[in-house]
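Results of the structural survey
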Amino acid sequence: MFTLGYSFKPWTEAKAIADGPRILNYVRETAADNGIDKKIRFHHRVKRASWSSPEARWTVEAERTLGEGTTEIVRFTCSFLFMCSGYYKCEEGYTPEFSGRDNFAGQIVHPQKWPDDLDYAGKRVVVIGSGATAVTLVPEMAKTAGHVTMLQRSPTYVVSRPAQDPVANKLRARLPQSSPIF
């Protein structure tokens, strides 16, 4: 987390490897402390962005959710557009074709569509893939599942480390939180 934290608000928690709720709290707290949360347009999904050379401006068309499933199209213009959309489809994560999938009697769950009531306690589970999602899922699922297997095309090597970095915690206790950069 030390390398992922903001330079103007260093990660100060003892755990160097944080869980999702702690990271979310850090991001929300940082946004609130700096007034960024008041500048974010929540519940908007960008549908289109188009550039006009004569006007030297972008026009962004977004769908704003009003509540109870109703939406409206809104437009914004800007001279600079920074797109951080990633490579995911929000509605549907990538799911490869599996031969024999229709004959499989078990439940298939994509991490992007994880149901809140999923009960895998005592069950045999296969996690396909070895990316960050699998690395975080497998140890948690292993606590209650009957057996967990991670199926991967190319092996990923992971080293087990303590959640807290004793050197960083000791240095943090003795050094100032931040120093000016000249």
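Structure first, text after, so check above.
Below you will find a few notes about this structure.

Cut-offs and rules
- Residues numbered from 1 in each chain as written.
- Predicted model: local features only at pLDDT ≥ 70, side-chain atom pairs only at ≥ 80, totals over all residues.
- Heavy atoms only, no water.
- Core = buried A, V, L, I, M, F, W, Y, C linked by side-chain atoms within 4.5 Å.
- Buried < 20%, exposed > 50% of the residue type's maximum accessible area, 1.4 Å probe, protein only.
- Helix = DSSP H or I, 4+ residues; strand = E, 2+ residues; numbered from the N terminus.
- Phe/Tyr/Trp six-rings, centres within 6.5 Å; stacked < 30°, edge-to-face > 60°.
- Salt bridge = Lys/Arg side-chain N within 4 Å of Asp/Glu carboxyl O.
- Pairing = 2+ DSSP bridges.
- Right-handed = clockwise from strand over helix to strand, strands pointing away.
- Arc of directions from axis to C-beta.
- Contact = heavy atoms within 4.5 Å.

1. Some details on the nonpolar core
Of all hydrophobic cores here, the largest spans ten residues; its members are L118, Y120, V125, V127, A134, L137, V138, M141, A145 and V148. Those elements giving two or more residues to this core turn out to be strand 4 (124–128) and helix 2 (132–142). Ranked by residue count, the leading element in this core is helix 2, at four residues.

2. Regarding the packing of aromatic side chains
Scanning the entire structure with this criterion turns up six aromatic pairs. Put simply, the rings of Y6, F8, W11 and Y26 pair up and form one aromatic cluster.

3. Considering the pattern of salt bridges
For the coordinates displayed, the defined rule picks out eight salt bridges. Here D19 makes a salt bridge to R22, at a shortest N to O gap of 3.9 Å. By relative accessible area, which is 36% here, D19 ends up partly exposed. Residue K143 is joined to E140 by a salt bridge in which the shortest nitrogen-to-oxygen separation is 2.8 Å. Taking relative accessible area as the criterion, E140 reaches 45% and is therefore assigned partly exposed. Each of K9, E29 and D33 takes part in one network of salt bridges that share partners.

4. A closer look at the pairing of strand 5 (residues 147–151)
Relative to strand 5, strand 4 runs parallel, the two sharing five bridges. When the bridges of strand 5 are listed, V125 appears paired with V148. In this fold, the crossover linking strand 4 to strand 5 by way of helix 2 has right-handed handedness.

5. Brief notes about helix 2
Within helix 2 the residues assigned to the buried category are A134, L137, V138 and M141. The arc that holds the buried residues of helix 2, viewed along the axis, is 100 degrees, so those residues lie on one side. Within helix 2, the exposed residues directed more than 90 degrees away from the buried face are A132 and T136. Contacts from the buried residues of helix 2 go to strand 4 and strand 5.

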